[in-house]
Every structure is written in C-alpha cells, then in structure tokens.
Amino acid sequence: MPTKYEDIWTAAKGFYKLEPIVADGGELIIYAPHITQVSVMHPIITKIGYHIRDYFLGQWDKFRNRPWGDSAHSTHLRGQGRWDPEHGEQNRVAVTLATGILRTRRDLR
C-alpha cells in the first residue's frame, strides 16, 4: 500500500478495489508497515470493527443510532459475505493486514 495512505481507513481502498478479482475463499494481503492506526477520521471504527454490510443490516437495532457513515466505512475492509445470528459473519474473501499496528490491538476483529 502506498505511503500516501496513513491509516487502515484510507488503505482499505486497496481491498475494495481488488476484492472483485479475488476468488471466493481467497485472501488479500494489505502490506503497509508504515500504517500504525486504524482511522483518524472515523475513530469509532476501532470500537465497532470492520464487518460486512449484512453484519450491520442484520443487527440494525444495535447500530441504527450510530453515525451511518461509520458503519458504511466499516465495510470497506471486509467486502462481500454473509451474516446470520446463528453462524455469525462469513467473509467471501479473507483480508490479512501486514501493518505497523500492534498485534495486541483487538480493534479490527
């Protein structure tokens, strides 16, 4: 990921631009050791994490009062997939972050 992307929120562009060419069950690696934070513009993402769209829609009562832009931006790093209350979230494509964000941070889920 080019160094002009300073956080995961902006670097997620690499994921959502490339996801369509990755096979179902494939993996996309975002190599960006210069990135050390999740999002400057949308810090709430560190609380709600990155999820597929249906994660939010399927639990709308839980997320309806949060800023919708935060939920929308939280989908840019997960792309397509399925969510249901019994099985949870199933991503179509795996994403691996190779960043400078400390491994002990659990805010990306």
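Structure shown above.
Keep in mind that this is a model prediction, so the values were computed, not measured. (Residues numbered from 1 in each chain as written. Predicted model: local features only at pLDDT ≥ 70, side-chain atom pairs only at ≥ 80, totals over all residues. Heavy atoms only, no water.)

*Asks:* Give me the lowdown on the pairing of strand E3 (residues 88-91), citing residues and values where you can.
*Replies:* Bridge count between strand E2 (residues 81-84) and E3: four bridges; the pairing is antiparallel. Each residue of the ladder has a partner; that of Asp-84, found in E3, is Gly-88. The antiparallel pairing of E2 with E3 creates a hairpin that spans three residues between the two strands. (Pairing = 2+ DSSP bridges. Helix = DSSP H or I, 4+ residues; strand = E, 2+ residues; numbered from the N terminus.)

*Asks:* Report on the pattern of salt bridges, specifying residues and quantitative values.
*Replies:* If you walk through the whole model with that rule in mind, you get four salt bridges. As a salt-bridge pair, Asp-24 and Arg-92 come within 2.7 Å of each other at their nearest N and O atoms. Placement of the pair is Asp-24 in the loop between helix H1 (8-18) and strand E1 (27-32) and Arg-92 in the loop between E3 and strand E4 (94-99), with a sequence separation of 68 residues. Note on Asp-24: relative accessible area 63%, which makes it exposed. Between Asp-61 and Arg-64 there is a salt bridge, with its nearest N and O atoms 2.7 Å apart. Where salt bridges share partners, they join Glu-19, Asp-24 and Arg-92 into one cluster. (Salt bridge = Lys/Arg side-chain N within 4 Å of Asp/Glu carboxyl O. Buried < 20%, exposed > 50% of the residue type's maximum accessible area, 1.4 Å probe, protein only.)

Taken by themselves, the reported measurements are silent on function.
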